[in-house]
Amino acid sequence: MIYDPHCDYSRRMTSGHCLCGSVTFELAGDPLATAVCHCEHCQRQSGSAFSVNIIAHKSQLTLNGELRTYQERGENNDDVYVERRFCPTCGSSVISELMKRDGVIAIKAGLLDDKSIVKPGVEVWCVDRQPWVSLPGMAVSLDREG
Ligand SMILES: [Zn+2]
Ligand SMILES: [Zn+2]
């Protein structure tokens, strides 16, 4: 897992909620990274060009409310490698759990209450990046995963 030294949350409590407000969460401590993901699956799930993810360990997250889970399998329909969790009422993407990364989760940055702290320094899956997208401030750009 990549560590992003630009990630400074000053050890504050970070809170967020889904569009309808029935799912809320708090993140304790500094995340591992803030990463943009250009992958095809994030584009489909978000309906947008990329996802912005706060990467942290799930022990840092306190979540309230009910989520539904979409299990994503590998190319050959093999093991579940990511569980994408979303609010069943409003459909907001909330977190993705990376099943092969020992409790590492990606929290969707658009749900944070204070978005002034979001400063992505890493972008992944640039092989799927839409041609018009060019993001400033990226210290690391990877073709695939970090
Ligand atoms: Zn909701
Ligand atoms: Zn992705």
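Values in this document were obtained by computation on a predicted structure and should not be read as measured data.

Draft legend 1. Quick peek at the overall build of the protein chain. Tallying secondary structure elements over the protein chain gives one helix and eleven strands in all. Taking 15 Å as the expected radius of gyration for a compact globule of 146 residues, we find that the protein chain reaches 14 Å, a close match to that expectation. Taken along its principal axes, the extent of the C-alpha atoms in the protein chain is 35 × 35 × 30 Å. A burial count over the protein chain gives 30% of its 146 residues as buried.

Draft legend 2. Focus on the sheet that holds strand β9 (residues 104-108). In space, the eight strands of this open sheet follow the order β6-β7-β8-β9-β4-β3-β10-β11, with mixed pairing throughout. Of all strands in the sheet, those bounded by a partner on one side alone are β6 (68-73) and β11 (140-141). Across three bridges, strand β3 (residues 33-37) lies against strand β10 (residues 122-124) in parallel orientation. Each residue of the ladder has a partner; that of A35, found in β10, is V122.

Draft legend 3. Broad picture of the sheet that holds strand β5 (residues 61-64). Reading across from one edge, β1-β2-β5 is the order of the three strands in this open sheet, with antiparallel pairing throughout. Each edge of the open sheet is held by one strand with a lone partner, namely β1 (14-17) and β5. Looking at each pair of strands side by side, their axes are set apart by 15° on average, direction ignored. Pairing of β1 with strand β2 (residues 24-27) involves four bridges; the strand directions are antiparallel. Note that in β2 the partner of G16 across the bridge is F25.

How each quantity is defined
Residues numbered from 1 in each chain as written. Chains lettered and ligands numbered in written order. Predicted model: local features only at pLDDT ≥ 70, side-chain atom pairs only at ≥ 80, totals over all residues. Helix = DSSP H or I, 4+ residues; strand = E, 2+ residues; numbered from the N terminus. Rg over C-alpha atoms; globule rule 2.2 N^0.38 Å. Buried ≥ 20, exposed ≤ 12 C-beta atoms within 10 Å, placed from the backbone. Pairing = 2+ DSSP bridges. Axes fitted to C-alpha atoms, helices over the stretch in contact; angles between N-to-C directions.

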